[in-house]
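The lines below spell out each chain.
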Amino acid sequence: MNQDQIKGNWATLKGKFHEAYGDLTDDEVEQAKGDREQLVGLLQTKYGKAREEAERELDKFFASV
């Protein structure tokens, strides 16, 4: 799924994303609006992940939905 598809389907995907990453608040997920850089940053901040790990995890998540 490319960035445009993610942003276009964010209303649907954000619920699944929030289920997968329950430590994120609804506001944080909503404000990201599917932006890859913001989502990577959230994973880094909330889960203490390295950038590369957060990017891989995000890629895996979007490949599975």
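These numbers were taken from a predicted model, which means no experiment stands behind them.

Undergrad: Help me get a handle on the pattern of salt bridges, residues and values and all.
TA: Where side chains of opposite charge bring their charged atoms close, a pairing between them can arise. Applying the stated rule across the entire model yields 8 salt bridges. With a shortest N-O distance of 2.5 Å, Glu37 and Arg51 are connected by a salt bridge. Of the two residues, Glu37 sits in helix α4 (residues 36–47) while Arg51 sits in helix α5 (residues 51–64), which places them 14 residues apart along the sequence. The partly exposed category is assigned to Glu37, whose relative accessible area is 46%. Taking the relative accessible area as the measure of exposure, Arg51 reaches 31% and is therefore partly exposed. The residue Arg51 makes a salt bridge to Glu55 at a minimum N-O spacing of 3.2 Å. In this pair, Arg51 and Glu55 both sit in helix α5, 4 residues apart, roughly one turn of the helix. Overall, the relative accessible area of 22% leaves Glu55 in the partly exposed class. One connected set of salt bridges, linked through shared partners, spans Glu37, Arg51 and Glu55.

Criteria and cut-off values
Residues numbered from 1 in each chain as written. Predicted model: local features only at pLDDT ≥ 70, side-chain atom pairs only at ≥ 80, totals over all residues. Heavy atoms only, no water. Salt bridge = Lys/Arg side-chain N within 4 Å of Asp/Glu carboxyl O. Helix = DSSP H or I, 4+ residues; strand = E, 2+ residues; numbered from the N terminus. Buried < 20%, exposed > 50% of the residue type's maximum accessible area, 1.4 Å probe, protein only.

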